[in-house]
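Listed below are the residues making up each chain.
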Amino acid sequence: IKDEQGPMLVSEVFDTTLSCTENLEEFKPIFIDICDDTTNVFIFEESTQGSNPDSCDFYNYSITREYFTEDACGNSNTAAQVIMVVDTTGPFVRAFDTVNITCSQNIIDPDDFFLQLEDCSEIQYTVSDSSVTTGNCNQELIRTWIFSDVCGNTTEFEQFVRRIDTIQPAIENP
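Not measured: the values here are computed from a predicted model.

*Asks:* Would you mind showing me how to read the environment of Val 85 here?
*Replies:* By the secondary structure assignment, Val 85 is in strand β6 (residues 76-86). Each C-alpha atom, one on Val 85 and one on Gln 49, is 9.0 Å from the other, the two residues being 36 residues apart in sequence. Those residues in contact with Val 85 that lie beyond four places of it in its chain are Leu 18, Ser 19, Cys 20, Tyr 59, Asn 60, Tyr 61 and Ile 63.

See the structure below:
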C-alpha cells in the first residue's frame, strides 16, 4: 500500500474578528491521517501589529496563521486563518451621575469623578461646563466629559456637579 494522501483536516478553521480588549485564544486544528496517527501541527504566524502603543496600528491589526502538517510519508496539508484585531469602541466609562464637591476641591481631575475608565489605549479627555446656577459657592453645573482613545473612538458622559460651601464663616476680632 502506498500512502499518497495528506492528512485530512477534521476541525474547522474560521477567520475571526476580536476587539482589542479580548484575549486571543490558543487554537490548533485537528488533522488525521489514514496511515499515520502521529501527525504534528506546526503554526506559522505573521502579524501586522505596530510597535508603538501611541499609534492606532498597535490596536488595529491582522494576524495570519498557517497551520501545516505532514505525515511520515511526506504528504502534507495546510489550513489558514486570518484574525482581525480592532479598536472600534470608545473608552468604557463608569461614574456617578451626580457629584458633590466642596469649594476648595479642584473640579478638573477625572480621578475624583469616575469609578472606572478603561480602553485598549491611553485615554485623553476634554471637559466643558455649562452653569445651572452661578456664584462663588453653592454652584451647580453640568459637566460634559469627552474621552477619546488613540484610534479616535470617543465616549461622551454628562455629569451634574454641585459645589457646596461646607465651611462656616469665621469672625475675626479687629
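Back to the text.
*Asks:* What should I look at first to understand the environment of Asn 60 in this one?
*Replies:* In this structure, Asn 60 sits in the loop between β4 (40-47) and β5 (61-70). The exposure class of Asn 60 is partly exposed, given its relative accessible area of 26%. Separated by 85 residues in sequence, Asn 60 and Trp 145 place their C-alpha atoms 25 Å apart. The contact partners of Asn 60, leaving out residues within four places of it in the chain, are Val 85, Val 86, Asp 87 and Cys 151. Of note is the side chain of Asn 60, whose polar atom sits 2.6 Å from the backbone nitrogen of Asp 87.

*Asks:* Hey, could you run me through the pairing of β6 in this one?
*Replies:* For a regular strand, side chains alternate in direction, first toward one face of the sheet and then toward the other. With 4 bridges connecting them, strand β2 (residues 16-19) and β6 associate as parallel partners. Paired with Thr 17 across the strands is Met 84, a residue of β6. In terms of strand pairing, β5 meets β6 through 10 bridges, oriented antiparallel. Residue pairing across strands places Arg 65 opposite Gln 81, the latter belonging to β6. In textbook terms, the turn of a hairpin is the stretch between consecutive antiparallel strands, and for β5 and β6 this stretch comprises 5 residues, one of which, Gly 74, has a positive phi near 90 degrees.

*Asks:* Any chance you could explain the nonpolar core here in plain terms?
*Replies:* What tends to happen in soluble globular proteins is that the nonpolar side chains get buried as a cluster. Grouped together as the largest cluster of nonpolar side chains are 12 residues: Val 93, Ala 95, Val 99, Ile 101, Phe 113, Phe 114, Ile 123, Leu 141, Trp 145, Phe 147, Phe 157 and Val 161. Secondary structure elements with two or more residues in this core: β7 (92-95), β8 (98-102), β11 (139-148) and β12 (154-164). Considering every element that reaches this core, the biggest residue donor is β11, with 3 residues. Residues in contact with Phe 114, not counting those within four places in the same chain, are Val 93, Arg 94, Ala 95, Trp 145, Phe 147, Phe 157 and Gln 159.

*Asks:* Looking at this model, I keep getting lost on the pattern of salt bridges. Mind explaining?
*Replies:* Between side chains of opposite charge, a pair can form when the charged atoms approach closely. Counting across every chain of the model gives 3 salt bridges. Ionic pairing is found between Arg 162 and Glu 140, a salt bridge with its closest N-O pair at 3.4 Å. Here the residue Arg 162 occupies a position in strand β12, and Glu 140 occupies one in strand β11, the gap between them amounting to 22 residues. Judged by its relative accessible area of 23%, Glu 140 falls in the partly exposed class.

*Asks:* Honestly, the side chain of Gln 159 in this entry has me stumped. Any pointers?
*Replies:* Looking at the element boundaries, Gln 159 is found in strand β12. Within the local environment of Gln 159, its side chain forms a polar contact with the backbone oxygen of Phe 96, the two atoms lying 2.8 Å apart. Reaching out from Gln 159, the side chain makes a polar contact with the side chain of Trp 145 at a distance of 3.1 Å. Apart from residues no more than four positions distant in its own chain, Gln 159 is found in contact with Ala 95, Phe 96, Asp 97, Val 99, Phe 113, Phe 114, Leu 141, Ile 142, Arg 143 and Trp 145.

*Asks:* Just checking my understanding: could you explain the sheet that holds β2 for this structure?
*Replies:* Strand pairing in a sheet is mediated by backbone hydrogen bonds. Such pairs are either parallel or antiparallel. Strand order across the open sheet formed by 4 strands is β2-β6-β5-β4, with mixed pairing between neighbours. Edge positions in the sheet fall to β2 and β4, since each of these pairs with one other strand and no more. Shown here is a sheet whose adjacent strand axes are inclined to one another by a mean of 25 degrees, direction ignored. Strand direction decides the pairing type here: β4 and β5, joined by 8 bridges, are antiparallel. When the sheet's bridge partners are listed, Asn 40 is paired in β5 with Glu 70.

The rules behind each value
Residues numbered from 1 in each chain as written. Predicted model: local features only at pLDDT ≥ 70, side-chain atom pairs only at ≥ 80, totals over all residues. Heavy atoms only, no water. Helix = DSSP H or I, 4+ residues; strand = E, 2+ residues; numbered from the N terminus. Contact = heavy atoms within 4.5 Å. Buried < 20%, exposed > 50% of the residue type's maximum accessible area, 1.4 Å probe, protein only. Polar contact = N/O pair within 3.5 Å; in protein donor to acceptor, adjacent residues only side chain to side chain. Pairing = 2+ DSSP bridges. Core = buried A, V, L, I, M, F, W, Y, C linked by side-chain atoms within 4.5 Å. Salt bridge = Lys/Arg side-chain N within 4 Å of Asp/Glu carboxyl O. Axes fitted to C-alpha atoms, helices over the stretch in contact; angles between N-to-C directions.

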